[in-house]
Amino acid sequence: MADGQRVRDATAADAAACAGIYAPYVRDTAFSFEAEPPSTAEMAGRIDAALAAHAWVVLEDGGEVAGYAYGTAFMTREAYRWSTTVSVYTDPGRRRPGAGRALYAALLDRLAGRGYRRALAGIVLPNPASEGLHRALGFVPVGTYRRVGWKLGRWHDVAWYQRPLGPEGDDDGAPEPPR
């Protein structure tokens, strides 16, 4: 990571910065299927919820939030509780080599430490940069949902990637539930 950059746990005080980073993805791209950018208050609620059960980290660059990554529930059924969906966003106005990698490294460590066993990421296609980042971090493609999202005047596919967070091959019984 470059000088002046650090990854840390998010707080509700980071909500405005995270909302500002995310808004162009919502408004101008199909990389988010949300129709309206969330408010600062909504983003603060999302941060609090993620921190309570999963994790949310931010990248500070020169004292300003320049990106974030978080984990949330993969599905709501009880049997899925060891799996988490992850996302990463960096300020689209400034390129930071290694920012996505640094954010995900910190996030995945925190999620593994909480007992999660599998991370899953949905990538709206086409998005070669995101696919490359996920592959570089050990995610493997596991399937594609075809034409599942309508945004910006057309249908979009979503590719799903996953990677282990904990020990592989431990099928001797249920692990401790995530904390």
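Residues numbered from 1 in each chain as written. Predicted model: local features only at pLDDT ≥ 70, side-chain atom pairs only at ≥ 80, totals over all residues. Heavy atoms only, no water.

### Digging into the overall build of the chain
For step 1, the next point in the chain: Looking only at helices and strands, the chain features four helices and seven strands.
For step 2, the next point in the chain: Counting from the amino terminus, the chain carries its helices and strands in the arrangement β-α-α-β-β-β-α-β-α-β-β.
For step 3, the next point in the chain: Against the globule reference of 16 Å for 179 residues, the chain gives a C-alpha radius of gyration of 16 Å, in line with a compact fold.
For step 4, the next point in the chain: Dimensions of the chain along its principal axes, counting C-alpha atoms only, are 50 × 40 × 30 Å.
For step 5, the next point in the chain: Taking all 179 residues of the chain together, 45% fall into the buried category. (Helix = DSSP H or I, 4+ residues; strand = E, 2+ residues; numbered from the N terminus. Rg over C-alpha atoms; globule rule 2.2 N^0.38 Å. Buried < 20%, exposed > 50% of the residue type's maximum accessible area, 1.4 Å probe, protein only.)

### Comments concerning the packing of helix 1 (residues 15–28) against helix 2 (residues 40–53)
For step 1, the next point in the chain: Two elements in contact, helix 1 and helix 2, have axes separated by 8 Å at closest approach and are oriented at 105 degrees. For the element pair helix 1 / helix 2, the angle class is roughly perpendicular. Here helix 1 contributes Ala15, Ala16, Cys18, Ala19 and Tyr22 to the contact with helix 2, which in turn contributes Thr40, Met43, Ala44, Arg46 and Ile47.
For step 2, the next point in the chain: Its residues assigned to classes, the contact of helix 1 with helix 2 comprises eight nonpolar, one polar and one charged. (Axes fitted to C-alpha atoms, helices over the stretch in contact; angles between N-to-C directions. Parallel < 35°, antiparallel > 145°, perpendicular 65-115°, else oblique. Contact = heavy atoms within 4.5 Å. Nonpolar A, V, L, I, M, F, W, Y, C, P; charged D, E, K, R; others polar.)

### A look at the pattern of salt bridges
For step 1, the next point in the chain: Applying the stated rule across the entire model yields eight salt bridges.
For step 2, the next point in the chain: A salt bridge links arginine 6 to glutamate 60; its shortest N-O distance comes to 3.0 Å. In this pair, arginine 6 is assigned in strand 1 (residues 5–9) and glutamate 60 in strand 2 (residues 55–61), connecting sequence segments 54 residues apart.
For step 3, the next point in the chain: Glutamate 34 is paired through a salt bridge with arginine 46; the nearest N and O atoms lie 2.8 Å apart. Of the two residues, glutamate 34 sits in the loop between helix 1 and helix 2 while arginine 46 sits in helix 2, which places them twelve residues apart along the sequence.
For step 4, the next point in the chain: Beyond isolated ion pairs, a larger network of salt bridges with shared partners links Arg6, Arg8, Asp14 and Glu60. (Salt bridge = Lys/Arg side-chain N within 4 Å of Asp/Glu carboxyl O.)

### Quick look at the environment of tryptophan 155
For step 1, the next point in the chain: Mapped onto the elements, tryptophan 155 comes out in strand 7 (residues 154–164).
For step 2, the next point in the chain: Along the backbone, tryptophan 155 and leucine 51 are 104 residues apart, and their C-alpha atoms lie at a distance of 33 Å.
For step 3, the next point in the chain: Excluding anything up to four places from it in sequence, tryptophan 155 contacts Arg147, Val148, Gly149 and Trp150.

### Focus: the nonpolar core
For step 1, the next point in the chain: Formed by 27 residues in total, the largest nonpolar core has its most connected members in Val86, Tyr104, Leu107 and Phe139.
For step 2, the next point in the chain: Of all the elements in the fold, those that place two or more residues in this core are strand 2, strand 3 (64–73), strand 4 (83–90), helix 3 (99–113), strand 5 (118–124) and strand 7.
For step 3, the next point in the chain: Broken down by element, this core gets its largest block of residues, eight residues, from helix 3.
For step 4, the next point in the chain: Val26, Ala44, Ala50 and Val58 belong to the second largest nonpolar core, which has 18 residues in total. (Core = buried A, V, L, I, M, F, W, Y, C linked by side-chain atoms within 4.5 Å.)

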